[in-house]
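Okay, here's what each chain looks like letter by letter:
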Amino acid sequence: MKDRILPFPRASALPPDRSAPPHSLRARLPSMGLPEFERGWVWLAGAGPGDPGLLTIHALNALEQADVIVHDALVSSDVLDLAPHGARLIDAGKRGGKPSPRQRDISVRLVELARKGHRVLRLKGGDPFTFGRGGEEGLTLAGAGIPFRVIPGVTSGIGGLAYAGIPATHRDTNHAVTFVTGHMAGGSIPDNVNWRAIAQGSPTIVLYMAMKHLDRITAALLAAGRADDEPVALISRATTKDQRVLETTLARAAADADAHAIAAPALIVIGQTVRLRAGLDWLGALSGRILDADPLGERAAQQAV
Ligand code: SAH
């Protein structure tokens, strides 16, 4: 087993920003040891699910210094607006159906840009290592001898749920959660996913990229014994101003997604934790929704005992 301890951070730290007010976040950033983006490096960063407030400080630091930003279609325009004026934006968006650059071509492009001496920010929606193919890109960079750094992001399966008022785990509903992709690289339903085992072993299931095959996935889960009336939430464009959440059931989810024209990107949450939304939809509450302090009906049940 390899056991190498690398110096951290490897890049040199940024000099203090003397123009910033002394107590501002900006002035304090240098003391956090944020790295300087060196020429010829690639930073593989997550931009979070959409709301720019969910960027990490490392990602913001990367955006400020990058001279080339290679981004996905999932990275919101609000986030890209934070790029410096001189930075070159390259859209490497891969959208199902439409012609899009191949993954291999994107990885090769990153190597070429780094070899030209650019500071290359590879910016992905959510987290780069969660259904983001960041691992493949990192391996190509490693193979080509390009130095790189990975900046994790808030994955939509956590952050998007939180903005819909759905905890990924909750003591009274689920002690485990499973993240699953509903789409294979070739575009079909993943046949290397054991839907039966997931249906039987995971109380809460969060599906990414599953809109296209939702009917087949829900059918597989029902066939494996999940209940027709199990709560399901479809969360479209989570954390953006276009966020929409549709609550439905496992049996009705695919038909309801069509009927309500739920747009991609969307997450599907299956499990009792969805019921907590009645009490935790803090975004809805901002626009007047009244929250239910007992969404699981526990107090009522206790009183009945
Ligand atoms: N790396 C990303 C996931 C990329 S796969 C992450 O960590 O979030 C693309 C899938 O992510 C989409 O099909 C959708 O299921 C989900 N997704 C990403 N951003 C989303 C958003 N803002 N709202 C809803 N779903 C989102």
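Below or above, wherever it landed, is the structure these notes cover. Please read all numbers here as calculations on a predicted model, not as lab measurements.

**What about the packing of helix 4 (residues 103-115) against helix 5 (residues 134-144)?**
Thought 1: Running from N to C, helix 4 and helix 5 cross one another at 45 degrees; their axes reach a closest spacing of 9 Å. Between helix 4 and helix 5, the crossing angle belongs to the class labelled oblique. Our pair here, helix 4 against helix 5, has a crossing hand that is right-handed. Here helix 4 contributes Gln-103, Arg-104, Ile-106, Ser-107, Leu-110, Val-111 and Arg-115 to the contact with helix 5, which in turn contributes Glu-136, Glu-137, Thr-140, Leu-141 and Ala-144.

**Here we look at the sheet that holds strand 9 (residues 244-249)**
The strands making up a sheet associate through backbone hydrogen bonding, with each pair oriented either parallel or antiparallel.
Thought 1: Read from one edge of the open sheet, five strands run 6-7-10-8-9, paired in mixed fashion. Looking along the sheet, the strands with just one partner apiece sit at the ends: strand 6 (177-181) and strand 9. Averaged over all pairs of adjacent strands, the angle between their axes in this sheet comes to 20 degrees, without regard to strand direction.
Thought 2: In this sheet, strand 10 (residues 266-270) lies alongside strand 7 (residues 204-208) in antiparallel orientation, the contact comprising three bridges. Bridge pairing links Leu-207 to Ile-268 in strand 10.
Thought 3: Helix-sheet contacts for helix 6 (residues 156-163) involve strand 6, strand 7, strand 8 (231-236) and strand 10, and the interaxial angle to strand 10 is about 80 degrees.

**Looking at the pattern of salt bridges**
Thought 1: What the rule picks out here adds up to eleven salt bridges.
Thought 2: The partner of Arg-102 in a salt bridge is Asp-105, with the nearest N and O atoms 3.5 Å apart.
Thought 3: Overall, Asp-105 belongs to the partly exposed group, its relative accessible area being 38%.
Thought 4: Put simply, Glu-137 and Lys-124 hold a salt bridge, and the shortest N to O gap is 3.2 Å. Taken together, the residues span a long stretch of sequence, with Glu-137 in helix 5 and Lys-124 in strand 4 (residues 120-124) at a distance of 13 residues.
Thought 5: Put simply, Asp-72, Arg-122, Lys-124 and Glu-137 are held in one network by salt bridges that share partners.

**Concerning the packing of aromatic side chains**
Thought 1: Under the criterion given, the structure shown has four aromatic pairs.
Thought 2: Judged by centre distance (3.9 Å) and plane angle (5 degrees), the ring pair of Phe-37 and Trp-43 falls under stacked. The burial state of Phe-37 is the same as that of Trp-43; both residues are buried.
Thought 3: Taken together, a centroid distance of 5.0 Å and an interplanar angle of 80 degrees make the contact between Tyr-163 and Trp-282 edge-to-face. A residue pair is termed long-range when its members are at least 10 positions apart, and Tyr-163 in helix 6 and Trp-282 in helix 11 (residues 282-286) qualify at 119 residues.
Thought 4: Its relative accessible area of 16% is what places Tyr-163 among the buried residues.

**Overview of the site of the ligand**
Thought 1: Residues in close proximity to the ligand total 18 residues, the closest being Thr-130, Thr-155, Ser-156, Ala-238 and Ala-266.
Thought 2: One nitrogen or oxygen atom from the side chain of Thr-155 is found 2.6 Å from an oxygen atom belonging to the ligand.
Thought 3: At a separation of 2.8 Å, a nitrogen atom of the ligand approaches a polar backbone atom of Ala-238.
Thought 4: In terms of residue class, the shell around the ligand is built from ten nonpolar, six polar and two charged.

What counts, and where the lines are drawn
- Residues numbered from 1 in each chain as written.
- Predicted model: local features only at pLDDT ≥ 70, side-chain atom pairs only at ≥ 80, totals over all residues.
- Heavy atoms only, no water.
- Axes fitted to C-alpha atoms, helices over the stretch in contact; angles between N-to-C directions.
- Helix = DSSP H or I, 4+ residues; strand = E, 2+ residues; numbered from the N terminus.
- Parallel < 35°, antiparallel > 145°, perpendicular 65-115°, else oblique.
- Left-handed = near helix turned anticlockwise from the far one by under 90°.
- Contact = heavy atoms within 4.5 Å.
- Pairing = 2+ DSSP bridges.
- Salt bridge = Lys/Arg side-chain N within 4 Å of Asp/Glu carboxyl O.
- Buried < 20%, exposed > 50% of the residue type's maximum accessible area, 1.4 Å probe, protein only.
- Phe/Tyr/Trp six-rings, centres within 6.5 Å; stacked < 30°, edge-to-face > 60°.
- Near = heavy atom within 4 Å.
- Polar contact = N/O pair within 3.5 Å; in protein donor to acceptor, adjacent residues only side chain to side chain.
- Nonpolar A, V, L, I, M, F, W, Y, C, P; charged D, E, K, R; others polar.

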